[in-house]
Amino acid sequence: MENQNNQTAPQQPNDITSSGTSNNADVEDRQGVTEQRTESYSRYDEGVAQVTTQNIPTSTAESSSLTRATSGEISIVRTRFAPSPTGFLHIGGVRTALFAWLIAKQNNGEFVLRIEDTDKAREVEGSVEQIQETLSWLGLNWDFGPDNPGELGSCLQSMRLQHYYEWGRKLIDRGLAYADPYTTEQLEGFRAEAISNKKPFLYRDYRPENPPIWDGSQPLRLLVKEPKAYAWHDEVRGDLSAGPEALDDFILIKTDGYPTYNFAHIVDDAEMGITHIVRADEFIASTPRFLSLYEALELTPPKFVTVPPILGPTGSKKLSKRDGAKDVLEYRDEGFLQSTVINFLALLGWNPGTEQEMFTVQELIDTFDVARIQSSGARFDPKRIEWLNGMHIRALSTDDLYEKVSDYWHPASANFPIEFKKSVLELVKERMKTLNELSDISWYFFKDPTPDEALATLTLDETKLSRERALALLKASIEICRESDFTIQGLHDAFYALSEKEHSTPSELFKLLRIVMVGGT
């Protein structure tokens, strides 16, 4: 693949060049779920669509969805987030959703949440609910989704199987798709033959001359009549291209009755009128396949917006669970604000072009620009999100912050008046980085501290203060408190003056005072 704008093109995996490793999917599509095939896969009341050979269309009569997708009648900007329910929603997935949501909102468009649940072997129970809860907490509300499909029809792919059969039949009738009659063993034999001949394995080199009529019991494959080079424009990466070696006859519908990702997302995007696809960079390698299918289906591709990878804290590799790629809802549970997470994610791969680092959601809607999405990887910095959270906490009024910390107070605060608790919050919020720190930094306002002799001794050792010198500093501090007007500036000046007079550092003095007053440092 080459970048026609002289940008550094991402290195392509072998399936785009010569080895044909993508065809491992041919074997996988036959395994695992094949044994689970029954006469009917249907449980509409449980959200699982019916899959039977009787559902496969036998004519070219076009449905309203086919007509709508090819008519070009969609004019509104419409984006989508289409996760698979195979686990928790992590930072990278939510960043994709955010960018798609921002594009829709700043164009007065619509945002679609679609669940790509066609890989039943990998589906994790509760994932759909977790996805919806995550987006709802972040305020990334969808106009159409599993709970409100509206004019788009179901936003669960497992409920849209008939749509894929209709488009598959259209390709069959035009001579652009066929039933794959080969067994897994036969495919492995073809692969071994290619290896022995020192050639890349391409399914099209072993295409059957007289394939059987497709009845749903075999995979349905796209027929790539004339492999050719493709060129396309990406809103972030610029002009890209790939040679004909990137193409092969790939599977559209598997033996379990479910479509492959390559087929389903193109059909759904067309029928739902998606205008912009925000996607991860690993999909660049598959774009030639997508384009060949758009062409076969006589569809105009939407705009591609490829976001950069999120790198770990060192910037040397992609973010992993070990580096902090955790369930986004864990940030909520750890006391991060929704506005912080949105702000942090927006800056992972997007540069506003100014020195501004703190954004409200409305400011992001107003200033977000696809042209300023970077192509190079964005480094995930856990310290930065903590710092940013502290900034967002301090930007809240005390009343607004009080509403958000109801679950974080120390139990001893339960019977104290609201106004007193708000005054405490006003004092401690300058030190807060997360909401769940509130109890640890405010409990001593609600209960008497317990002297910690061991900590006091340790502090004296660390500061090299003798007990006599520590007592002298404490006695002088008591006098300051007796004479002080208890303004912040007054106390500040008095204690710094004491520190200078007694040839002590402010750090030594303040550590000592905190042990005496709150039992800790």
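Sequence positions are assigned chain by chain, starting from 1 and proceeding in written order. Where local features are concerned, this predicted model is filtered to residues with pLDDT of at least 70; where side-chain atom pairs are given and counted, the filter is 80 or more; whole-chain, interface and lining totals use all residues. The side-chain numbers reported here are obtained from all heavy atoms of the structure, hydrogens and water having been left aside.

(A) Fine view of the overall build of the chain. Each helix is a run of H or I in the DSSP string that is no shorter than four residues. Each strand is a run of E no shorter than two, and both are numbered from the N terminus. The helix and strand inventory of the chain stands at 19 helices and twelve strands. Counting across all 521 residues of the chain, residues that qualify as buried make up 50%. Accessible surface for the chain amounts to roughly 25300 Å². Of this, 49% is attributable to carbon and sulfur atoms. Partly exposed residues are those whose accessible area sits between 20% and 50% of the maximum for their type, while under 20% is buried and over 50% is exposed, using a 1.4 Å probe and protein chains only. A 1.4 Å probe and the Shrake-Rupley method give the accessible areas. Residues count as covered only by the protein chains that appear here.

(B) Looking closely at the pairing of strand β10 (residues 303-306). In this structure, strand β9 (residues 276-279) lies alongside β10, joined through four bridges in parallel fashion. The residue bridging Ile277 from the neighbouring strand is Phe304, located in β10. Regarding the hand of the β-α-β motif, the stretch spanning β9, helix α8 (residues 287-296) and β10 is right-handed. Criterion used throughout: strands pair if DSSP finds at least two bridges between them. Look down the strands so they point away from you; if the path from the first strand over the helix to the second goes clockwise, the crossover is right-handed.

(C) Structural detail: the confidence of the model for the chain. The pLDDT value expresses, per residue, how confident the predictor is, ranging between 0 and 100. Mean pLDDT over the chain: 85, with 83% of residues reaching 70 or higher. Overall, residues 1-54 carries pLDDT values under 50, and its contacts beyond four positions in sequence, including any with other chains, amount to 116 contacts. The contact definition used throughout considers only heavy atoms, calling two residues in contact when any of these lie within 4.5 Å.

(D) Representation of the pattern of salt bridges within the structure. Any carboxyl oxygen of Asp or Glu within 4 Å of a side-chain nitrogen of Lys or Arg constitutes a salt bridge here. Taken as a whole, this structure holds 27 salt bridges when the rule is applied. A salt bridge links Arg114 to Glu116, with the nearest nitrogen and oxygen atoms 3.0 Å apart. Using a relative accessible area of 0% as the deciding quantity, one classes Arg114 as buried. Linking Arg332 and Asp333 is a salt bridge whose minimum nitrogen-to-oxygen distance equals 3.2 Å.

(E) Structural context of the environment of Ser499. The topology assignment puts Ser499 in helix α18 (residues 488-501). Remark: the alpha-carbon pair of Ser499 and Phe510, spanning eleven residues in sequence, is separated by 9.4 Å. Those residues in contact with Ser499 that sit more than four places away from it in its chain are Ser504, Thr505, Pro506 and Leu509.

(F) Layout of the pairing of strand β3 (residues 110-113). Every second residue of β3 is oriented toward a common face, with Glu110 and Val112 on one face and Phe111 and Leu113 on the other, all of them buried. With four bridges connecting them, strand β2 (residues 78-81) and β3 associate as parallel partners. Bridge pairing in β3 places Thr79 opposite Phe111. You can see the chain leave β2, run along helix α3 (residues 91-106) and come back into β3, and the turn it takes is right-handed.

(G) Seen up close, the side chain of Ser504. Considering the arrangement of structural elements, one finds Ser504 in the loop between α18 and α19 (506-518). Using a relative accessible area of 8% as the deciding quantity, one classes Ser504 as buried. Apart from the residues lying within four places of it in its own chain, the contact partners of Ser504 are Arg469, Leu473, Ser499 and Leu509.

(H) Structural context of the nonpolar core. Ile91, Leu98, Leu135 and Trp350 are the most contacted members of the largest nonpolar core, which has 53 residues in total. Elements supplying a minimum of two residues to this core: α3, β3, α4 (127-138), α9 (328-333), α10 (338-346), α11 (361-367) and α12 (382-395). At ten residues, the largest contribution of residues to this core is made by α3. Setting aside its immediate chain neighbours within four residues, Leu135 contacts Phe81, Leu89, Ala97, Leu113, Leu140 and Trp142. Counting residues in each nonpolar core, the second largest holds 44 residues, with Ala242, Phe250, Leu252 and Tyr258 among its members. By convention a nonpolar core is built from buried Ala, Val, Leu, Ile, Met, Phe, Trp, Tyr and Cys residues, the set being connected through side-chain atoms within 4.5 Å.

(I) Examining the packing of helix α17 (residues 467-483) against α18 more closely. At a minimum axis separation of 11 Å, α17 and α18 run at an interaxial angle of 155°. Put simply, α17 runs roughly antiparallel to α18. The chirality of how α17 crosses α18 is right-handed. Contact residues: α17 offers Leu473, Ala476, Ser477, Ile480 and Cys481, while α18 offers Ala494, Phe495 and Leu498. Here the term charged refers only to Asp, Glu, Lys and Arg, the term nonpolar to Ala, Val, Leu, Ile, Met, Phe, Trp, Tyr, Cys and Pro, and the term polar to all other amino acids, Gly among them. Looking at the contact of α17 with α18, its residues break down into seven nonpolar, one polar and no charged. A fitted line through C-alpha atoms represents every axis, and for helices the fit uses only the stretch in contact; the resulting angles, taken between N-to-C directions, go from 0 to 180 degrees. By definition in this entry, angles of less than 35 degrees are roughly parallel, angles greater than 145 are roughly antiparallel, angles of 65 to 115 are roughly perpendicular, and the rest are oblique. Note: crossing handedness is left-handed where the near helix turns anticlockwise from the far helix by less than a right angle, and right-handed where it turns clockwise.

(J) Local environment of α3. For a helix, the expected span equals 1.5 Å multiplied by the residue count minus one. The terminal C-alpha atoms of α3 lie 22 Å apart, and with 16 residues this matches the ideal 22 Å at 1.5 Å per residue to within 8%. Extensive coverage of α3 is indicated by the burial of 13 of its 16 residues. After α3 finishes, the residue Asn108 shows a positive phi value of roughly 55°.

(K) Inspection of the packing of aromatic side chains at higher detail. Ring geometry is summarised as follows: Phe, Tyr and Trp rings, the Trp one being its six-membered ring, pair when their centres sit within 6.5 Å, and such pairs are stacked at plane angles under 30 degrees, edge-to-face over 60 and tilted between the two. Under the counting rule described, the total for this entry stands at 21 aromatic pairs. Ring geometry for Tyr165 versus Trp214: centroids 6.2 Å apart, planes at 65°, classification edge-to-face. Separated by 49 residues along the polypeptide, Tyr165 in helix α5 (residues 161-173) and Trp214 in the loop between α6 (184-196) and β5 (220-222) bring together distant segments of the chain. Assigned by exposure class, Tyr165 and Trp214 land together as buried. Note on Trp443 and Tyr444: the rings are 5.7 Å apart at their centroids and 75° apart in plane angle, and the pair reads as edge-to-face. Relative accessible area serves as the criterion here: at 22%, Trp443 is assigned to the partly exposed category. Overall, the relative accessible area of 17% leaves Tyr444 in the buried class. Of the aromatic side chains, those joined through ring pairs into one cluster are Tyr182, Phe190, Phe201, Tyr203 and Tyr206. Placement of a positive charge over a ring is assigned whenever Lys NZ or Arg CZ falls within 6 Å of the ring centre and within 35 degrees of the normal to the ring plane. Over the aromatic face of Phe304 sits the side chain of Arg279, whose NZ or CZ is 4.4 Å from the ring centroid.

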